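Overview (structure and organization)
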Amino acid sequence: MKKSRGQKPGIVEEERKMGLNSSHIECLVLIAILLCITKCYAQNVFNIMQFGASNDGRTDSTQALSKAWRQACWRDGGGVVLVPDGRFLIFSLVLKGPCKGSIGLRINGQLLAPIDPNFAIAQIWLSIYEVDNLFVDGYGSFDGRGFLAWSIKTFNRPISMKLTKINHARITGITSYNSKFFHFGVHGCSDVTFDHIRVMAPRDSPNTDGIHISKSSGINIVHSRFDTGDDCISLGPGSRFINITNIHCGPGHGISIGSLGKYPNEEDVSDVLVRDSTFVGTDNGVRIKTWSSSHPSFVTKIVFLNLEMKDVRNPMIIDQKYCLDCSRDKMSTSRVQIRDVRYEGIRGTSATQAAVNFECSQVFPCEGIVLQDINLSFNGGGQPTSICHNVKGSAFGKQLPSSCL
Ligand SMILES: *[C@@H]1O[C@H](CO)[C@@H](O)[C@H](O)[C@H]1NC(C)=O
Ligand SMILES: *[C@@H]1O[C@H](CO)[C@@H](O)[C@H](O)[C@H]1NC(C)=O
């Protein structure tokens, strides 16, 4: 007993010693790992300052951004381009893939477009082309500085950030100001998510759509805010599997499908879901728009769900009589067929009496239009009305205005 008692403290002491030793070792290993992570991380980050960028907002940093992109893009295992705090003047630039790994653009500073409205070549400012696995994030912004360009009547003004042929991308956190034309363009892309982005331009700025999508599928736009002069989000031909959730829109022209039918062989628009969003003081809430005399295509499987309208001029509108030379196109003979559109839980106030306005094509009437639980009052006083021309469908639940189906 005595012997073992005598041994015990020794063993305990040894254990304690060993315990201290091993925790020291653990600690050192941990530090080593942390250092390595920091180092490895640092190696895949390409700060544009190291490529000659200047953060004074006046010196051209286009080449620096371009070089940093090339290094990040060509790095095995992927890379990140860092735009640090500061102001950076950038002229037209195409950031091209394919890249060797995933590629990120972390914008913490401000990217500034030239103020001169004539600077842009080929309708772009920042273009990202043919990339798989892209992220754009950071707490920074890009500023199109469109004030002078807006007065020039042309559709050749540059999109601020144009994404073409991108698969698997996340655009998060960043803000776009005062684009000369659209803020974001998405063309030929799949699986792209915009999350917590912010778009800002004056309510009277022309063509400053927040995000314009065409020929793309699997696009998610969530938790984002659009205060702009034109459509908050517009969907052109070939937009499929588009989810728009938790958006604030306004000022602006609302969310628009179209204009469609202008060109021959346009791809259809289908599987669009707009839900849980708010429209404040906008021209339209949710709109489907086709040219009055048009080429044929389909718009199908569209759902508008749980939307709040505040002082919106046309909360629910289908316009198949869109025309510029309207004296010639008095009748809607649009050949775009609209089918299976559901409006459910649309509520709030309309700034015009015709809270629901469906002007469908005479030659291809709208089919399968479903209205469920519509509660829109006219904030000018009096009863709101609904207009239906060439519409087939059904209505359920509450209907204010009373349904014209
Ligand atoms: C859109 O939302 C629906 C329903 O929540 C979901 O089934 C679908 O996968 C989503 N689409 C995309 C492109 O994420
Ligand atoms: C319709 O909206 C009004 C005003 O917002 C509200 O008081 C009313 O309860 C709503 N009705 C239904 C059935 O939701």
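In this text the structure is predicted, and so the values were computed from the model without any measurement.

**A short note on the overall build of the chain**
On a plain count of helices and strands, the chain comes out with two helices and 28 strands. The proportion of buried residues among the 405 residues of the chain is 50%. Considering only contacts within the chain whose residues lie at least 6 apart along the sequence, 76% involve residues at least 24 apart. For the chain, the accessible surface area stands at approximately 18700 Å², while carbon and sulfur atoms represent 54% of it.

**Some thoughts on the site of ligand 1**
Contacts to ligand 1 come from Gly 218, Asn 220, Phe 241, Asn 243 and Leu 273. Here an oxygen atom of ligand 1 and a side-chain polar atom of Asn 220 are 3.1 Å apart. Asn 243 places a polar side-chain atom, nitrogen or oxygen, 2.3 Å from an oxygen atom of ligand 1. Coverage of ligand 1 by the protein chains reaches 41% of its 360 Å² of free accessible surface.

**Comments concerning the environment of Arg 198**
Of note, Arg 198 is situated in strand β14 (residues 198-200). Classification of Arg 198 as partly exposed rests on a relative accessible area of 30%. Note: C-alpha distance between Arg 198 and Asp 227 (29 residues apart in sequence) is 8.1 Å. Residue contacts for Arg 198: discarding those within four places in its chain leaves Ile 174, Thr 175, Ser 176, Arg 225 and Asp 227.

**A closer look at the UniProt feature "active site" (unreviewed entry) in the chain**
UniProt records the feature "active site" (unreviewed entry) for His 253 in the present numbering. By the secondary structure assignment, His 253 is in the loop between β18 (239-249) and β19 (255-260). Discounting chain neighbours no more than four positions away, the residues touching His 253 are Gly 229, Asp 230, Asp 231, Asp 283 and Asn 284. Within polar-contact distance, the side chain of His 253 engages the backbone oxygen of Gly 229 at 3.2 Å.

**Points about unusual backbone geometry**
Cis geometry is found at the peptide bond from Gly 97 to Pro 98, where omega equals -5 degrees. Inspection of the secondary structure puts Pro 98 in the loop between β5 (93-96) and β6 (103-107). Cis geometry is adopted by the peptide bond preceding Pro 251, which originates at Gly 250 and carries an omega value of 0 degrees. Checked against the element boundaries, Pro 251 lands in the loop between β18 and β19. Within the chain, Asn 265 stands out as a residue other than glycine whose phi angle is a positive 60 degrees. Structurally, Asn 265 can be placed in the loop between β19 and β20 (269-280).

**Some points on the pattern of salt bridges**
Summed over all chains, the structure comprises twelve salt bridges. With a closest N to O distance of 3.9 Å, Asp 76 and Lys 100 form a salt bridge. Of this pair, Asp 76 sits in the loop between α2 (62-74) and β3 (79-83) while Lys 100 sits in the loop between β5 and β6, and the two are 24 residues apart along the sequence. The exposure class of Asp 76 is exposed, given its relative accessible area of 58%. Across the salt bridge formed by Arg 339 and Glu 367, the nearest N and O atoms sit 3.2 Å from each other. Residue Arg 339 is found in strand β24 (residues 336-350), and its partner Glu 367 is found in strand β26 (residues 366-378); the two are separated by 28 residues along the sequence. Using a relative accessible area of 30% as the deciding quantity, one classes Arg 339 as partly exposed.

**Re the environment of Asp 56**
Turning to its location among the elements, Asp 56 is positioned in strand β2 (residues 56-60). Put simply, Asp 56 and Gly 86 are 30 residues apart on the chain and 7.0 Å apart in space, counted from C-alpha to C-alpha. Polar side-chain contacts of Asp 56 include one of 3.2 Å to the side chain of Ser 54. A distance of 2.8 Å separates a polar atom in the side chain of Asp 56 from the backbone nitrogen of Arg 58.

Each value, and the rule that gives it
Numbers given to residues run from 1 along each chain, matching the order in which its sequence is written. Chains carry letters from A onward and ligands carry numbers from 1 onward, assigned in written order. Totals for whole chains, interfaces and linings use all residues, but because this is a predicted model, local features are given only for residues with pLDDT of at least 70 and pairs of side-chain atoms are given and counted only at 80 or more. Water and hydrogen atoms play no part in the side-chain values, which are based on all heavy atoms of the structure. Counting from the N terminus, the helices are DSSP H or I runs at least four residues long and the strands are E runs at least two residues long. Only protein chains enter the accessibility calculation, which uses a 1.4 Å probe. A residue is then buried if its area is under 20% of the maximum for its type, exposed if over 50%, and partly exposed in between. Only heavy atoms matter for contacts: two residues are in contact if any of them lie within 4.5 Å across the pair. For accessible areas, the Shrake-Rupley method is used with a probe of radius 1.4 Å. Any residue's cover is judged against the shown protein chains and nothing else. The near set for a molecule or strand comprises every residue that places at least one heavy atom within 4 Å of it. For the purposes of these results, a polar contact is taken to be a pair of N or O atoms within 3.5 Å, where, inside protein, one atom must be able to donate a hydrogen and its partner to accept one; residues adjacent in sequence count only when each atom of the pair is a side-chain atom. UniProt positions are given in the numbering used here, feature names are shortened, and annotations may be inferred rather than shown by experiment. Salt bridges are defined as contacts in which a side-chain nitrogen from Lys or Arg sits within 4 Å of a carboxyl oxygen from Asp or Glu.

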